[in-house]
Amino acid sequence: MPTRDMSSRISVDGVGKSFATEQGTLHVLDNISFEVADGDIVAIVGPSGCGKSTLMNIVAGFDQPDRGSVRIDGVVQTQPNSRGILISQAGSVFPWLTVQQNLMFGLNGHEHGDKKQLADHYAEMVGLKGFERRYPHELSGGMLKRAELARALVVKPEILYMDEPFSALDALLHLRMRNELLRILAQERHTVLLITHDVEEAIHVANRVIVLSTRPTTIQTTFDVPFAHPRKLSGAPVQELRAAILRELGVDSYSS
Amino acid sequence: MTGLKRVLPSVIVIALIVGAWWAVVVVSGSVVFPTPWQVVTGTLELMRDGTLWQHIGASLFRVGTGFGLAVLVAVPLGLWMGWVKGAYITLNPLFQMLRPISPIAWIPIAILWFGVGNMSPIFLIFISSVFPMVVQTIAGVHTIEKRYLRAAANFGVSRATLFRQVVIPAVLPQIIVGMRIGLGVAWLVVVAAEMIALRSGLGYLIIDSRNAGNRYDLVVAGMVIIGLIGLLLDRLMRLLEGLKVVRWRYAH
C-alpha cells in the first residue's frame, strides 16, 4: 500500500521532533517534508544546533519522529537496516577488527570465500589495497574514513546516509575524500543523503541542497545544483550559488 | 631511557632498605629477627630439601583452580548482567552487598561447608576474585560506545554475530583488567586462607615456621617469595594486554 510516488526512494513527510529538557520542551524539528529520488544526491545544510543529525537519525531509522513519517520505497521506516548505511563524523569502524574483518562484518548470507573477495574488492576500490590485515589504530584518519566508506559500500546499500562524514579531516583530505566519493558514485548507483555544515561540500557533491532554518527547524529553501561533474568549484556560477546559499544561512560572503 | 637506567632507582631503594634492615638487626643484637643473609640461607635450605617447591605448587594450584572457576563464572555472568537490564537491576544490589565483605570473613563458613582441605581455600579464592571480575565485565558492557552498537544495528547482524564480533571484543580489555585485579586478590587471599589449618602452601609455610621454633628467617623468606610470585603473576596478566585483539584499547 505505498501511498507515495514510487520514484521517491526517501519520502520525509511532515516530520516533527521535540525533546524534553530541564528547561522544558525543546522543539527541534517542525514539519519537515522532502523527497529524494532513486540515485539522487541531496545535501542538507543548516545552522549548527538546528537538528540536522536528529533529522538524519530519524530518516535512517535510529530514532522515531513525534509527528509525520519517513518512508523508504513507500514503507514506513521503523528501524535501521542495511538497505541504508549511516556514515557519521565520529566513525564506527570496529577497532578490534582488521580492515578486512570490518568489511566482512555486514555481509550476511555469503560464503566465507565470497565475503573475503567482496571485502578485498571494496578495499581496493577505496584505495586500501595492502591494508586489509591492518587494525584501525594502524591507519591514518583518512584511511579510516576510506575503510568506513568501503564497509558501507560492500553491503551494496541503496542509500548512503552521510552525517558530516569527512568533517573531522583536514581541508586537503576532506577535498580528496569528496572526489573519492564522487568517483565511486559515478561507478555505483546509490541514493545519497548528505548532512554538512560545509556549503562548498554540499555544492561539490549534491544535485540539490536543502537549507534548514534555525530551531524549531523547517525547510527554508531548496537549491538545485545544475552543474555537471566534475565541478569546477572556483567557477563563477558555483561561487554565485555558494553565496546565495550562504545568504540563506545569514552569512554575507561578499567581503572579498 | 635504557633498561638499566629505568631499574636503577628502584634497585637502589631496595638495596638501601635491605642495608638499613641489616644494620638495625646487627645494632639491636636481636636474636629472633633475621638478617637478610639469614633469609637467603633459609630460602636455600627450603629449596634444597624441596619443601619450597611443594608450598609454591600447592598455593599456585589453589589459586589456579579458584581463579579459573571464577573466570568461567564471572565473564558470562558479567556479560549477561551488563547486557540484560533486568538481570542487572535484579542482581546488582546483591553483588554490591556481597562485594565489600572481606574474603577473610568467609573463612568460618568455608571450613563449615568444605572442611579443612583444598576446597576451602579454592572457595575463598573463587569468592574473592569473582566479584571484581563481574563488576569489571559489567562496566565493560556498559561503556561500549554507542556508535559501534548503532553500526551493528545498521548492518542488521544476528545476535550471535553481535556478541561474537562486537560485544565480547569491545569488553575484552575490561575483562582483562578484571582478571588482573581478580588474580591479585586471589593471591592475597590464598596466603590468608592457608594460614588457617592446611598443611601446605606459602601461607602455611609462614605460620608453621613461626610456630615451629621461631624461624623468622623462613617467615620473611615466605613473604619475599609471595611478593615475587605475585609480581610475576601480574606480569603474566599484563602480557594479555599485548594481545592483538585488545591492543586497540591501549594504542591511542
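In what follows, the structure referred to is the one given above.
Residues numbered from 1 in each chain as written. Chains lettered and ligands numbered in written order. Predicted model: local features only at pLDDT ≥ 70, side-chain atom pairs only at ≥ 80, totals over all residues. Heavy atoms only, no water.

Draft legend 1. Here's a closer look at the overall build of chain A. For chain A, the count of helices and strands is seven helices and ten strands. Taking 256 residues into account, the globule formula puts the C-alpha radius of gyration at 18 Å, and chain A, at 19 Å, falls close to it. Overall size of chain A, expressed as C-alpha extent along the three principal axes, is 50 × 50 × 40 Å. Scored against the burial criterion, the 256 residues of chain A give a buried share of 54%. Long-range contacts, defined here as pairs at least 24 residues apart, represent 68% of the contacts in chain A between residues at least 6 apart. When the accessible surface of chain A is totalled, it reaches about 11,400 Å², and 50% of it is carbon and sulfur. Of the side-chain charges in chain A, 26 are positive and 30 negative, and the distance between the mean point of each set is 3 Å. (Helix = DSSP H or I, 4+ residues; strand = E, 2+ residues; numbered from the N terminus. Rg over C-alpha atoms; globule rule 2.2 N^0.38 Å. Buried < 20%, exposed > 50% of the residue type's maximum accessible area, 1.4 Å probe, protein only. Contact = heavy atoms within 4.5 Å. Areas by Shrake-Rupley, 256 points an atom, 1.4 Å probe, with all protein chains shown as cover. Lys, Arg positive; Asp, Glu negative; His and termini not counted. Charge placed at Lys NZ, Arg CZ, Asp CG, Glu CD.)

Draft legend 2. Inspection of the packing of helix 3 (residues 51-83) of chain B against helix 9 (residues 202-211) of chain B at higher detail. Residue and element names in this part refer to chain B. At a closest axis distance of 7 Å, the pairing of helix 3 and helix 9 adopts a crossing angle of 130°. Classed by the angle they form, the pair helix 3 and helix 9 counts as oblique. Contacts between helix 3 and helix 9 involve Leu52, His55, Ile56 and Ser59 from the first element and Leu202, Tyr204 and Leu205 from the second. (Axes fitted to C-alpha atoms, helices over the stretch in contact; angles between N-to-C directions. Parallel < 35°, antiparallel > 145°, perpendicular 65-115°, else oblique.)

Draft legend 3. Layout of empty space enclosed by the protein. In total, this model carries two cavities of 30 Å³ or more according to the counting rule given. Taken together, 13 residues form the lining of the largest cavity, with Ile111, Ser120, Ala193, Ile196 and Leu198 of chain B sitting closest to its centre. The set of elements that each furnish at least two residues to the lining of the largest cavity consists of helix 5 (107-114) and helix 6 (119-142) of chain B. Here the lining of the largest cavity is composed, by residue class, of ten nonpolar, three polar and no charged. As for the second largest cavity, its lining consists of Ala60, Ile72, Gln77, Asn81, Arg83, Gly84, Ile159 and Tyr161 of chain A. (1 Å grid on protein atoms, 1.4 Å probe; cavity = no way out; pocket = protein on both sides within 12 Å on 5 of 7 lines; lining within 4 Å. Points joined across faces, edges and corners; volume = space filled by probe spheres on them. Nonpolar A, V, L, I, M, F, W, Y, C, P; charged D, E, K, R; others polar.)

Draft legend 4. Structural detail: the interface of chain B and chain A. Tallying the contact residues gives 21 residues for chain B and 24 residues for chain A. Of the roughly 2,100 Å² buried between chain B and chain A, counting both surfaces, carbon and sulfur atoms make up 66%. It is Arg150, Asn154 and Phe155 of chain B in chain B that bury the most area against chain A; as a group they hold 36% of the surface buried on that side. Remark: the boundary between chain B and chain A carries zero salt bridges. At the surface where chain B touches chain A, the tally comes to eight residue pairs in polar contact (both at pLDDT 80 or more). Put simply, the parts of the chain that give the side of chain B that touches chain A at least two residues each are helix 7 (146-154), helix 8 (159-194) and helix 11 (247-251) of chain B. Tallying contributions element by element places helix 7 of chain B first for the side of chain B that touches chain A, with seven residues. For the side of chain B that touches chain A, the per-class residue count stands at twelve nonpolar, five polar and four charged. (Buried area = accessible area lost by both parts, 1.4 Å probe. Salt bridge = Lys/Arg side-chain N within 4 Å of Asp/Glu carboxyl O. Polar contact = N/O pair within 3.5 Å; in protein donor to acceptor, adjacent residues only side chain to side chain.)

Draft legend 5. Focus on unusual backbone geometry. Residue and element names in this part refer to chain A. The omega angle of the peptide bond from Arg215 to Pro216 is -15°, so this bond is cis rather than trans. Within the secondary structure, Pro216 sits in the loop between strand 9 (208-212) and strand 10 (219-224). Within the chain, Asp73 stands out as a residue other than glycine whose phi angle is a positive 50°. Within the element layout of this structure, Asp73 appears in the loop between strand 4 (67-72) and strand 5 (75-76). Judged by relative accessible area, Asp73 falls into the buried class, the value being 16%. Even without a glycine there, the phi angle at Glu164 is positive, about 45°. The residue Glu164 is located in the loop between strand 7 (159-163) and helix 5 (171-187) in this model.

Draft legend 6. Main features of the side chain of His55 of chain B. All names here are of chain B. Within the secondary structure layout, His55 lies in helix 3. At a separation of 3.2 Å, a polar atom in the side chain of His55 contacts the main-chain amide nitrogen of Gly201. With residues up to four places along the chain from it excluded, the contact list for His55 reads Arg199, Ser200, Gly201, Leu202, Tyr204 and Leu205.

Draft legend 7. Structural detail: the packing of aromatic side chains. By the definition in use, this model includes 13 aromatic pairs over all chains. Chaining the aromatic ring pairs together yields one cluster made of Phe94, Trp96 and Phe105 of chain A together with Tyr148, Phe155 and Trp248 of chain B. The ring centre of Phe94 of chain A lies 4.9 Å from the NZ or CZ of Arg151 of chain A, which sits over that ring. Directly above the aromatic system of Phe62 of chain A lies the positively charged group of Arg150 of chain B, at a separation of 4.3 Å from the ring centroid. (Phe/Tyr/Trp six-rings, centres within 6.5 Å; stacked < 30°, edge-to-face > 60°. Lys NZ or Arg CZ within 6 Å of the ring centre and 35° of its normal.)

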